[in-house]
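Report on the structure
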Amino acid sequence: QVQLVESGGGLVQPGGSLRLSCAVSGSSSRIKAMGWWRQAPGNQQREVVATITDGGRTSYIDSVKGRFTMSKDNAKNTVYLQLNSLQPEDTAVYYCQADITTDTGGDIRYWGKGTLVTISA
């Protein structure tokens, strides 16, 4: 069974940094792409923050460009999100997402349970 486990969230002051990790286990299939999403308190929707393809190409939403960096370690089936210059508006539960190609060729999207990032003085 495929599992995504996030870690690294916490409480930091504005301007601080955190590094989130997401480890994928239980899959021997190809991980097509992965992403980090977030859901702010009181917000019903999640927004995609950053994505990375199997080839390592990354993309970011405008509000985090230059502050957040997504990377991956293929050997560990782990992706990371480095969060710098954090601001209160970055407060959210951050979720990891993985699109995995099945043996039949279709893709299945898996989600982690999330890790809370709180920015407060």
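To be clear, the structure that these remarks concern was listed above.
This text gives an overview of the structure that appears in the document. (Residues numbered from 1 in each chain as written. Predicted model: local features only at pLDDT ≥ 70, side-chain atom pairs only at ≥ 80, totals over all residues. Heavy atoms only, no water.)

Once that is clear, we can look at the state of the cysteines. One pass over the full model with this rule turns up one disulfide. One disulfide in the model links Cys-22 with Cys-96; its S-S distance is 2.0 Å. Judged by the sign of its S-S torsion, about -85°, the cystine formed by Cys-22 and Cys-96 is left-handed. With Cys-22 in strand β3 (residues 18-25) and Cys-96 in strand β9 (residues 92-101), this residue pair connects regions lying 74 residues apart in the sequence. Looking at Cys-96, the relative accessible area reads 0%, which means it is buried. (Disulfide = S-S within 2.5 Å. Helix = DSSP H or I, 4+ residues; strand = E, 2+ residues; numbered from the N terminus. Buried < 20%, exposed > 50% of the residue type's maximum accessible area, 1.4 Å probe, protein only.)

Turning to the environment of Met-34, a few remarks are in order. With respect to the secondary-structure elements, Met-34 resides in strand β4 (residues 31-39). Assessed through its relative accessible area of 5%, Met-34 is described here as buried. The sequence separation of Met-34 and Leu-81 amounts to 47 residues, and the corresponding C-alpha distance is 11 Å.

We now examine the pairing of strand β5 (residues 47-53). Sheet analysis places β4 next to β5, joined by six bridges and oriented antiparallel. Note on β5: the bridge partner recorded for Arg-38 is Glu-47. Inspection of the sheet shows β5 paired to strand β6 (residues 58-60) by three bridges, in the antiparallel sense. Bridging across to β6, Ala-50 finds its partner in Tyr-60. Hairpin connection between β5 and β6: a loop of four residues separates the two successive antiparallel strands, and Gly-56 in this loop has a positive phi of roughly 95°. (Pairing = 2+ DSSP bridges.)

Core analysis: the largest hydrophobic core is formed by 28 residues, its most contacted members being Met-34, Trp-36, Phe-68, Met-70, Val-79, Leu-81 and Tyr-94. Residue contributions to this core peak at five residues, all from β9. Setting aside its immediate chain neighbours within four residues, Val-79 contacts Leu-20, Ser-21, Cys-22, Met-34, Trp-36, Ile-52, Met-70, Ser-71, Lys-72 and Cys-96. (Core = buried A, V, L, I, M, F, W, Y, C linked by side-chain atoms within 4.5 Å. Contact = heavy atoms within 4.5 Å.)

Phi is positive for Asn-77, which is not a glycine, with a value near 50°. The phi dihedral of Ser-85 is positive, around 50°, even though this residue is not glycine. By relative accessible area, which is 37% here, Ser-85 ends up partly exposed.

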